[in-house]
Amino acid sequence: MERPGEARMIDLRSDTVTRPSRGMREAIASAEVGDDVFGEDPTINALQEKVAGLLGKEAALFVASGTMANTVAVKTHVGHGGEVIAEEGCHIFNYESGSSASISGIQFRNIPTGMGHFTAVDVAARLRPKEMHAPQTKLIAMENTHNRAGGTVFPLEEMKKIGELARRNGIPVHLDGARLWNASIATGVDMAEFGKTVHSVSVCLSKGLGAPVGSLVAGSKEYIDRARVVRKMLGGGMRQAGILAAAGLYAIEHQWERLAEDHANARLLAEGLRRIPGMEVDLDRVQTNIVIVDVREHPLGEKGITERMAEQGVLFLAIGPGRLRLVTHIDVSRPGIEEALERMEKALS
Ligand SMILES: *Cc1c(COP(=O)(O)O)cnc(C)c1O
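Just so we're clear, the structure is a prediction, and the values are computed from it rather than from any experiment.

K.L.:
How should I be thinking about the site of the ligand in this particular structure?
P.N.:
The ligand sits among 13 residues. The nearest are Thr67, His91, Asp176, Arg179 and Lys207. In this structure, Lys207 approaches the ligand through a side-chain N or O atom, which is 2.8 Å from an oxygen atom. Protein coverage of the free-state accessible area of the ligand, which is 380 Å², stands at 83%. At three residues, helix α3 (residues 66-77) tops the list of elements feeding residues into the shell around the ligand. When the residues that make up the shell around the ligand are grouped by side-chain class, the tally is two nonpolar, six polar and five charged.

Here you go:
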(Lines give C-alpha, C1' and ligand atoms only; values in the text may rest on other atoms or scores of the structure.)
Protein backbone atom coordinates (compact mmCIF):
# COMPACT_ATOMS: atom_id res chain seq x y z
CA MET A 1 0.00 0.00 0.00
CA GLU A 2 1.17 3.53 -0.70
CA ARG A 3 1.47 5.80 2.28
CA PRO A 4 1.00 9.57 2.25
CA GLY A 5 4.22 11.43 1.58
CA GLU A 6 5.88 8.38 0.05
CA ALA A 7 4.14 8.43 -3.29
CA ARG A 8 7.17 9.75 -5.11
CA MET A 9 9.67 7.02 -4.30
CA ILE A 10 8.88 3.68 -5.89
CA ASP A 11 11.16 1.09 -4.35
CA LEU A 12 11.49 -2.12 -6.39
CA ARG A 13 14.89 -3.17 -5.05
CA SER A 14 13.47 -6.14 -3.16
CA ASP A 15 10.33 -7.56 -1.57
CA THR A 16 12.14 -7.07 1.75
CA VAL A 17 11.69 -3.27 1.77
CA THR A 18 8.05 -3.49 2.88
CA ARG A 19 6.83 -2.02 6.15
CA PRO A 20 4.45 -3.80 8.56
CA SER A 21 0.84 -2.97 7.75
CA ARG A 22 -1.51 -1.48 10.32
CA GLY A 23 -3.26 -4.77 11.02
CA MET A 24 0.10 -6.45 11.44
CA ARG A 25 1.22 -3.85 13.96
CA GLU A 26 -1.97 -4.47 15.93
CA ALA A 27 -1.31 -8.21 15.90
CA ILE A 28 2.22 -7.52 17.16
CA ALA A 29 0.92 -5.29 19.96
CA SER A 30 -1.55 -7.87 21.26
CA ALA A 31 0.63 -11.01 20.94
CA GLU A 32 0.86 -13.37 23.89
CA VAL A 33 4.49 -14.17 24.65
CA GLY A 34 6.78 -16.35 26.79
CA ASP A 35 10.40 -17.52 26.85
CA ASP A 36 10.91 -19.38 23.59
CA VAL A 37 14.25 -20.93 24.60
CA PHE A 38 12.12 -22.79 27.16
CA GLY A 39 9.60 -23.49 24.39
CA GLU A 40 7.04 -21.36 26.23
CA ASP A 41 6.10 -18.68 23.72
CA PRO A 42 2.54 -19.55 22.68
CA THR A 43 2.60 -17.35 19.57
CA ILE A 44 5.86 -18.85 18.30
CA ASN A 45 4.50 -22.33 19.02
CA ALA A 46 1.35 -21.49 17.07
CA LEU A 47 3.38 -20.16 14.11
CA GLN A 48 5.67 -23.19 14.09
CA GLU A 49 2.70 -25.55 14.12
CA LYS A 50 0.93 -23.59 11.41
CA VAL A 51 3.95 -23.53 9.06
CA ALA A 52 4.83 -27.18 9.69
CA GLY A 53 1.27 -28.07 8.70
CA LEU A 54 1.37 -25.92 5.57
CA LEU A 55 4.61 -27.62 4.49
CA GLY A 56 3.42 -31.14 5.29
CA LYS A 57 6.08 -31.55 7.99
CA GLU A 58 5.94 -32.69 11.64
CA ALA A 59 7.68 -29.67 13.11
CA ALA A 60 9.11 -26.24 12.36
CA LEU A 61 11.54 -23.85 14.01
CA PHE A 62 11.36 -20.04 14.02
CA VAL A 63 14.66 -18.29 13.24
CA ALA A 64 15.83 -14.72 12.70
CA SER A 65 16.45 -14.71 8.95
CA GLY A 66 16.46 -16.74 5.77
CA THR A 67 20.23 -17.01 5.93
CA MET A 68 20.00 -18.41 9.44
CA ALA A 69 17.28 -20.82 8.31
CA ASN A 70 19.45 -22.19 5.51
CA THR A 71 22.56 -22.25 7.70
CA VAL A 72 20.75 -24.15 10.44
CA ALA A 73 19.21 -26.50 7.86
CA VAL A 74 22.51 -27.25 6.08
CA LYS A 75 24.52 -27.64 9.28
CA THR A 76 21.90 -29.99 10.75
CA HIS A 77 22.13 -32.20 7.64
CA VAL A 78 25.85 -32.11 6.82
CA GLY A 79 29.03 -32.58 8.83
CA HIS A 80 32.32 -30.85 8.00
CA GLY A 81 33.80 -31.94 4.68
CA GLY A 82 30.49 -32.96 3.15
CA GLU A 83 29.53 -31.97 -0.38
CA VAL A 84 26.25 -30.30 -1.32
CA ILE A 85 24.79 -30.43 -4.83
CA ALA A 86 23.13 -27.11 -5.62
CA GLU A 87 22.26 -24.85 -8.53
CA GLU A 88 25.04 -22.44 -9.51
CA GLY A 89 23.11 -19.20 -8.96
CA CYS A 90 21.40 -20.28 -5.75
CA HIS A 91 21.11 -18.14 -2.65
CA ILE A 92 22.82 -20.58 -0.30
CA PHE A 93 25.94 -20.54 -2.46
CA ASN A 94 25.99 -16.88 -3.53
CA TYR A 95 24.28 -14.66 -1.00
CA GLU A 96 24.88 -16.00 2.51
CA SER A 97 28.36 -14.58 3.13
CA GLY A 98 29.94 -17.99 2.69
CA SER A 99 28.21 -19.37 5.79
CA SER A 100 28.01 -22.90 4.37
CA ALA A 101 31.80 -23.01 4.08
CA SER A 102 32.71 -21.02 7.18
CA ILE A 103 30.12 -22.33 9.61
CA SER A 104 29.18 -25.74 8.24
CA GLY A 105 32.51 -26.61 6.57
CA ILE A 106 30.88 -27.96 3.42
CA GLN A 107 31.80 -27.65 -0.23
CA PHE A 108 29.45 -27.21 -3.19
CA ARG A 109 29.05 -29.15 -6.40
CA ASN A 110 27.20 -26.67 -8.57
CA ILE A 111 24.82 -27.31 -11.43
CA PRO A 112 24.65 -24.47 -13.98
CA THR A 113 21.12 -23.92 -15.33
CA GLY A 114 19.40 -21.12 -17.18
CA MET A 115 16.07 -21.21 -15.41
CA GLY A 116 17.20 -22.02 -11.87
CA HIS A 117 15.95 -25.59 -11.79
CA PHE A 118 17.86 -28.77 -12.55
CA THR A 119 16.77 -32.35 -13.22
CA ALA A 120 17.23 -35.73 -11.54
CA VAL A 121 19.56 -36.60 -14.45
CA ASP A 122 21.73 -33.57 -13.62
CA VAL A 123 21.90 -34.71 -10.00
CA ALA A 124 22.64 -38.34 -10.83
CA ALA A 125 25.64 -37.23 -12.91
CA ARG A 126 27.09 -35.45 -9.88
CA LEU A 127 26.59 -38.00 -7.12
CA ARG A 128 30.03 -38.97 -5.83
CA PRO A 129 31.17 -42.57 -5.76
CA LYS A 130 31.55 -44.04 -2.27
CA GLU A 131 35.28 -44.16 -2.55
CA MET A 132 38.07 -42.72 -0.38
CA HIS A 133 39.46 -40.26 -2.95
CA ALA A 134 36.14 -38.56 -3.55
CA PRO A 135 34.32 -36.08 -1.35
CA GLN A 136 30.98 -37.49 -0.26
CA THR A 137 27.62 -36.16 -1.40
CA LYS A 138 25.70 -35.34 1.78
CA LEU A 139 22.88 -33.06 0.63
CA ILE A 140 20.97 -31.86 -2.43
CA ALA A 141 19.64 -28.30 -2.23
CA MET A 142 16.93 -26.74 -4.40
CA GLU A 143 15.52 -23.20 -4.49
CA ASN A 144 11.85 -22.45 -5.23
CA THR A 145 11.20 -19.85 -6.46
CA HIS A 146 14.69 -19.16 -7.74
CA ASN A 147 15.76 -15.62 -6.98
CA ARG A 148 18.65 -15.05 -9.39
CA ALA A 149 16.93 -16.79 -12.30
CA GLY A 150 14.05 -14.33 -11.94
CA GLY A 151 11.54 -15.85 -9.52
CA THR A 152 11.14 -19.02 -11.57
CA VAL A 153 9.24 -22.00 -10.19
CA PHE A 154 11.00 -25.35 -9.69
CA PRO A 155 8.49 -27.77 -11.27
CA LEU A 156 6.88 -30.13 -8.77
CA GLU A 157 7.26 -33.17 -11.04
CA GLU A 158 11.04 -32.73 -11.24
CA MET A 159 11.26 -32.16 -7.48
CA LYS A 160 9.51 -35.50 -6.99
CA LYS A 161 12.02 -37.28 -9.26
CA ILE A 162 14.95 -35.68 -7.46
CA GLY A 163 13.43 -36.62 -4.11
CA GLU A 164 13.11 -40.25 -5.23
CA LEU A 165 16.67 -40.36 -6.55
CA ALA A 166 17.92 -38.92 -3.28
CA ARG A 167 15.97 -41.43 -1.21
CA ARG A 168 17.36 -44.33 -3.24
CA ASN A 169 20.84 -43.03 -2.48
CA GLY A 170 20.20 -42.21 1.18
CA ILE A 171 20.89 -38.49 0.69
CA PRO A 172 18.70 -35.80 2.27
CA VAL A 173 17.23 -32.91 0.26
CA HIS A 174 16.79 -29.33 1.42
CA LEU A 175 14.47 -26.81 -0.20
CA ASP A 176 15.27 -23.12 0.12
CA GLY A 177 11.66 -22.00 -0.08
CA ALA A 178 12.16 -18.37 0.94
CA ARG A 179 9.57 -17.59 -1.77
CA LEU A 180 7.73 -20.92 -1.81
CA TRP A 181 4.68 -18.81 -0.91
CA ASN A 182 4.94 -17.26 -4.38
CA ALA A 183 5.49 -20.63 -6.08
CA SER A 184 2.34 -21.96 -4.48
CA ILE A 185 0.22 -18.96 -5.49
CA ALA A 186 1.62 -18.97 -9.05
CA THR A 187 0.96 -22.68 -9.63
CA GLY A 188 -2.01 -23.41 -7.38
CA VAL A 189 0.01 -26.27 -5.89
CA ASP A 190 -0.17 -26.58 -2.09
CA MET A 191 3.10 -25.84 -0.34
CA ALA A 192 2.82 -29.29 1.28
CA GLU A 193 3.07 -30.94 -2.15
CA PHE A 194 6.46 -29.27 -2.68
CA GLY A 195 7.38 -29.92 0.96
CA LYS A 196 6.67 -33.64 0.78
CA THR A 197 9.35 -34.14 -1.88
CA VAL A 198 12.17 -33.01 0.45
CA HIS A 199 13.46 -33.56 4.01
CA SER A 200 13.70 -29.95 5.09
CA VAL A 201 12.29 -26.64 3.90
CA SER A 202 13.10 -23.05 4.81
CA VAL A 203 10.55 -20.27 4.25
CA CYS A 204 10.81 -16.49 4.77
CA LEU A 205 8.16 -14.30 6.34
CA SER A 206 10.00 -11.09 5.49
CA LYS A 207 9.86 -11.29 1.69
CA GLY A 208 6.54 -11.13 -0.17
CA LEU A 209 4.50 -11.85 2.93
CA GLY A 210 5.60 -8.49 4.31
CA ALA A 211 6.54 -9.37 7.91
CA PRO A 212 9.44 -7.41 9.41
CA VAL A 213 11.55 -10.38 10.58
CA GLY A 214 11.66 -14.12 10.53
CA SER A 215 12.00 -17.42 8.74
CA LEU A 216 11.28 -21.01 9.60
CA VAL A 217 12.92 -24.36 8.99
CA ALA A 218 10.56 -27.35 8.80
CA GLY A 219 11.20 -31.09 8.84
CA SER A 220 10.69 -34.23 10.91
CA LYS A 221 10.43 -33.83 14.67
CA GLU A 222 13.78 -35.57 15.12
CA TYR A 223 15.43 -33.22 12.59
CA ILE A 224 13.95 -30.08 14.12
CA ASP A 225 15.07 -31.16 17.61
CA ARG A 226 18.63 -31.25 16.28
CA ALA A 227 18.13 -28.00 14.35
CA ARG A 228 17.07 -26.29 17.60
CA VAL A 229 20.48 -27.10 19.10
CA VAL A 230 22.25 -25.67 16.02
CA ARG A 231 20.13 -22.51 16.25
CA LYS A 232 21.17 -22.09 19.90
CA MET A 233 24.82 -22.66 18.95
CA LEU A 234 24.57 -19.84 16.38
CA GLY A 235 23.14 -17.48 18.98
CA GLY A 236 19.70 -17.72 17.44
CA GLY A 237 17.73 -18.65 20.54
CA MET A 238 15.24 -15.82 21.13
CA ARG A 239 13.06 -15.13 24.14
CA GLN A 240 9.72 -13.25 23.89
CA ALA A 241 9.91 -13.24 20.10
CA GLY A 242 6.20 -14.00 19.87
CA ILE A 243 5.77 -10.35 18.90
CA LEU A 244 7.62 -11.27 15.70
CA ALA A 245 5.79 -14.55 15.24
CA ALA A 246 2.50 -12.65 15.52
CA ALA A 247 3.51 -10.62 12.47
CA GLY A 248 4.23 -13.88 10.63
CA LEU A 249 0.87 -15.42 11.54
CA TYR A 250 -0.88 -12.23 10.45
CA ALA A 251 1.07 -12.23 7.18
CA ILE A 252 0.11 -15.81 6.36
CA GLU A 253 -3.54 -15.16 7.09
CA HIS A 254 -3.94 -11.75 5.45
CA GLN A 255 -1.07 -11.12 3.05
CA TRP A 256 -0.36 -14.43 1.38
CA GLU A 257 -3.11 -14.75 -1.22
CA ARG A 258 -2.54 -11.21 -2.38
CA LEU A 259 0.84 -12.29 -3.84
CA ALA A 260 -1.19 -12.88 -7.00
CA GLU A 261 -1.35 -9.07 -7.32
CA ASP A 262 2.45 -8.86 -7.12
CA HIS A 263 2.69 -11.47 -9.87
CA ALA A 264 0.27 -9.56 -12.09
CA ASN A 265 2.23 -6.37 -11.41
CA ALA A 266 5.50 -8.05 -12.36
CA ARG A 267 3.91 -9.15 -15.62
CA LEU A 268 2.71 -5.62 -16.34
CA LEU A 269 6.15 -4.26 -15.54
CA ALA A 270 7.89 -6.82 -17.75
CA GLU A 271 5.63 -6.14 -20.71
CA GLY A 272 6.07 -2.39 -20.31
CA LEU A 273 9.85 -2.56 -20.01
CA ARG A 274 10.07 -4.54 -23.25
CA ARG A 275 8.77 -1.46 -25.05
CA ILE A 276 11.90 0.50 -24.09
CA PRO A 277 14.63 0.15 -26.75
CA GLY A 278 17.69 -1.67 -25.38
CA MET A 279 15.75 -3.47 -22.65
CA GLU A 280 15.05 -7.18 -23.05
CA VAL A 281 12.89 -9.28 -20.76
CA ASP A 282 12.43 -13.03 -21.13
CA LEU A 283 8.71 -13.32 -20.37
CA ASP A 284 9.00 -17.08 -19.75
CA ARG A 285 10.92 -16.20 -16.61
CA VAL A 286 8.35 -13.77 -15.26
CA GLN A 287 6.39 -16.38 -13.34
CA THR A 288 6.11 -14.63 -9.96
CA ASN A 289 7.18 -11.25 -8.54
CA ILE A 290 10.67 -10.76 -10.02
CA VAL A 291 11.62 -9.15 -13.33
CA ILE A 292 15.16 -9.57 -14.69
CA VAL A 293 16.03 -7.12 -17.46
CA ASP A 294 18.87 -7.57 -19.94
CA VAL A 295 20.23 -4.08 -20.68
CA ARG A 296 23.42 -5.05 -22.52
CA GLU A 297 22.11 -3.20 -25.59
CA HIS A 298 21.12 -0.06 -23.69
CA PRO A 299 23.61 2.83 -24.07
CA LEU A 300 23.49 3.76 -20.36
CA GLY A 301 24.40 0.30 -19.07
CA GLU A 302 23.11 -1.16 -15.82
CA LYS A 303 24.87 1.36 -13.60
CA GLY A 304 23.82 4.40 -15.64
CA ILE A 305 20.23 3.20 -15.71
CA THR A 306 19.95 2.59 -11.97
CA GLU A 307 21.53 5.99 -11.24
CA ARG A 308 19.28 7.88 -13.63
CA MET A 309 16.15 6.18 -12.32
CA ALA A 310 17.15 6.74 -8.68
CA GLU A 311 17.14 10.46 -9.51
CA GLN A 312 13.64 9.94 -10.91
CA GLY A 313 12.48 8.16 -7.74
CA VAL A 314 12.42 4.60 -9.05
CA LEU A 315 14.75 2.23 -7.24
CA PHE A 316 15.93 -1.22 -8.38
CA LEU A 317 19.18 -3.19 -8.41
CA ALA A 318 21.89 -3.98 -10.92
CA ILE A 319 22.68 -7.64 -10.22
CA GLY A 320 25.50 -8.23 -12.67
CA PRO A 321 26.90 -6.98 -15.98
CA GLY A 322 23.97 -5.89 -18.14
CA ARG A 323 21.41 -7.21 -15.66
CA LEU A 324 18.76 -5.40 -13.65
CA ARG A 325 16.35 -6.87 -11.10
CA LEU A 326 13.00 -5.34 -10.19
CA VAL A 327 10.80 -6.92 -7.53
CA THR A 328 7.12 -6.25 -6.91
CA HIS A 329 5.61 -6.33 -3.41
CA ILE A 330 2.80 -5.25 -1.11
CA ASP A 331 3.99 -1.65 -0.75
CA VAL A 332 3.76 -0.84 -4.48
CA SER A 333 0.29 -1.23 -5.93
CA ARG A 334 -0.70 -1.28 -9.61
CA PRO A 335 -0.80 2.53 -10.03
CA GLY A 336 2.71 2.63 -8.55
CA ILE A 337 3.91 0.17 -11.18
CA GLU A 338 2.25 2.19 -13.94
CA GLU A 339 3.92 5.33 -12.60
CA ALA A 340 7.33 3.58 -12.49
CA LEU A 341 6.89 2.46 -16.09
CA GLU A 342 5.97 5.95 -17.22
CA ARG A 343 9.04 7.43 -15.56
CA MET A 344 11.28 4.74 -17.03
CA GLU A 345 9.93 5.10 -20.57
CA LYS A 346 10.45 8.85 -20.35
CA ALA A 347 13.97 8.75 -18.89
CA LEU A 348 15.39 5.77 -20.78
CA SER A 349 13.88 5.76 -24.29
C1 LIG B 1 16.16 -13.64 0.65
C2 LIG B 1 16.46 -15.05 0.45
C3 LIG B 1 16.94 -15.82 1.52
C4 LIG B 1 17.18 -15.26 2.89
O5 LIG B 1 17.93 -14.11 2.95
P6 LIG B 1 17.97 -13.18 4.26
O7 LIG B 1 18.52 -11.91 3.73
O8 LIG B 1 18.84 -13.83 5.24
O9 LIG B 1 16.58 -13.04 4.75
C10 LIG B 1 17.17 -17.16 1.28
N11 LIG B 1 16.93 -17.71 0.08
C12 LIG B 1 16.46 -17.01 -0.96
C13 LIG B 1 16.19 -17.68 -2.26
C14 LIG B 1 16.22 -15.64 -0.81
O15 LIG B 1 15.78 -14.94 -1.86
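Past the structure itself, the notes keep going.
K.L.:
Hey, could you run me through the side chain of Asp36 in this one?
P.N.:
You can see Asp36 is positioned in the loop between α1 (22-29) and α2 (42-54). By relative accessible area, Asp36 is classed as buried at 6%. Setting aside residues no more than four positions away along its own chain, Asp36 makes contact with Asp41, Ile44, Asn45, Arg231, Met238 and Arg239.

K.L.:
Help me out: how do you make sense of the pattern of salt bridges in this one?
P.N.:
Close approach of charged atoms lets side chains of opposite charge pair. Taken as a whole, this structure holds 20 salt bridges when the rule is applied. With a shortest N-O distance of 4.0 Å, Glu261 and Arg258 are connected by a salt bridge. Owing to a relative accessible area of 47%, Glu261 belongs among the partly exposed residues under this scheme. A salt bridge links Asp282 to Arg285; the nearest nitrogen and oxygen atoms lie 3.3 Å apart. Among the residues examined, Arg285 registers a relative accessible area of 22% and is labelled partly exposed. What emerges from the salt-bridge pattern is a single network uniting Lys221, Asp225 and Arg228.

K.L.:
Could you clarify how one ought to interpret α3 in this entry?
P.N.:
Turn by turn, an α-helix covers 3.6 residues, leaving residues three or four places apart pointing in a common direction. The terminal C-alpha atoms of α3, which comprises 12 residues, lie 17 Å apart, in line with the 16 Å expected from a rise of 1.5 Å per residue. Across the 12 residues that make up α3, a large majority, 10, are buried. Of all the residues in α3, the buried ones are Gly66, Met68, Ala69, Asn70, Thr71, Val72, Ala73, Val74, Thr76 and His77.

K.L.:
Looking at this structure, how should I read the sheet that holds strand β9 (residues 290-294)?
P.N.:
Each strand in a sheet pairs with another by means of backbone hydrogen bonds, the pair being arranged parallel or else antiparallel. In spatial order, the strands read β9-β12-β11; together these three strands make up an open sheet with antiparallel pairing. Bordering the open sheet on either side are β9 and β11 (317-320), each of which pairs with just one other strand. Going from strand to strand, the sheet's axes swing by 35 degrees on average, the running direction of each strand aside. Pairing between β9 and strand β12 (residues 323-327): five bridges, direction antiparallel. Its bridge partner lying in β12, Val291 is registered against Leu326.

K.L.:
Help me understand the packing of α2 against helix α11 (residues 242-254), please; the structure alone is not making it clear to me.
P.N.:
To describe two helices that pack against each other, one gives the angle between their axes and the distance between the axes. Contact geometry of α2 with α11 gives a least axis separation of 8 Å together with a crossing angle of 35 degrees. As for how α2 packs across α11, the hand of that crossing is left-handed. Residue-level contacts link Thr43, Ile44, Ala46, Leu47, Lys50, Val51 and Leu54 of α2 to Gly242, Ala245, Ala246, Gly248, Leu249 and Ile252 of α11. For the contact of α2 with α11, the residue count by class is nine nonpolar, three polar and one charged.

K.L.:
Looking at this structure, how should I read the sheet that holds strand β4 (residues 107-111)?
P.N.:
Here seven strands make up an open sheet; going across it, the order is β2-β8-β7-β6-β5-β3-β4 and the pairing mixed. For this open sheet the edge positions go to β2 (59-63) and β4, each flanked by a neighbour on one side alone. On average, each strand axis in the sheet is inclined to that of its neighbour by 20 degrees, with strand direction left out of account. Looking at chain direction, strand β6 (residues 173-176) and strand β7 (residues 200-204) are connected through three bridges and run parallel. Residue pairing across strands places Leu175 opposite Val201, the latter belonging to β7. Strands β2, β7 and β8 (215-219) of the sheet are contacted by helix α10 (residues 221-233), whose axis makes an angle of about 15 degrees with β2.

K.L.:
How should the packing of α1 against α11 be read in this particular structure?
P.N.:
Across the interface, α1 lies against α11 with an axial gap of 8 Å and an inter-helix angle of 140 degrees. Relative to α11, the element α1 is oriented oblique. Judged by the sense of rotation from one axis to the other, the crossing of α1 with α11 is right-handed. Where α1 abuts α11, its residues Gly23, Met24, Ala27 and Ile28 lie against Ile243, Ala246, Ala247, Tyr250 and Ala251.

K.L.:
Quick question: what am I supposed to make of the domain arrangement of the protein chain here?
P.N.:
A common way to express how large an interface is: the accessible area buried when the components associate. Each assigned domain of the protein chain is listed with its residue range as follows: domain 1 (10-18 + 258-348) and domain 2 (31-254). Here domain 1 and domain 2 have C-alpha centroids that lie 28 Å from each other. With 17 residues of domain 1 in contact, the opposing surface of domain 2 contributes 20 residues. Both faces considered, domain 1 and domain 2 share a buried interface measuring about 1,700 Å² in area, 49% of it formed by carbon and sulfur atoms. Remark: the boundary between domain 1 and domain 2 carries one salt bridge. Between Arg179 and Asp15 there is a salt bridge; the shortest N-O distance is 2.8 Å. One can count nine residue pairs in polar contact (both at pLDDT 80 or more) joining domain 1 with domain 2. At the level of elements, α12 (259-273), β9 and β12 are the ones that each hand at least two residues to the side of domain 1 that touches domain 2.

So, how was this worked out
Residues numbered from 1 in each chain as written. Predicted model: local features only at pLDDT ≥ 70, side-chain atom pairs only at ≥ 80, totals over all residues. Heavy atoms only, no water. Near = heavy atom within 4 Å. Polar contact = N/O pair within 3.5 Å; in protein donor to acceptor, adjacent residues only side chain to side chain. Areas by Shrake-Rupley, 256 points an atom, 1.4 Å probe, with all protein chains shown as cover. Helix = DSSP H or I, 4+ residues; strand = E, 2+ residues; numbered from the N terminus. Nonpolar A, V, L, I, M, F, W, Y, C, P; charged D, E, K, R; others polar. Buried < 20%, exposed > 50% of the residue type's maximum accessible area, 1.4 Å probe, protein only. Contact = heavy atoms within 4.5 Å. Salt bridge = Lys/Arg side-chain N within 4 Å of Asp/Glu carboxyl O. Expected span 1.5 Å × (residues − 1). Pairing = 2+ DSSP bridges. Axes fitted to C-alpha atoms, helices over the stretch in contact; angles between N-to-C directions. Left-handed = near helix turned anticlockwise from the far one by under 90°. Parallel < 35°, antiparallel > 145°, perpendicular 65-115°, else oblique. Domains from an automatic or database assignment. Buried area = accessible area lost by both parts, 1.4 Å probe.

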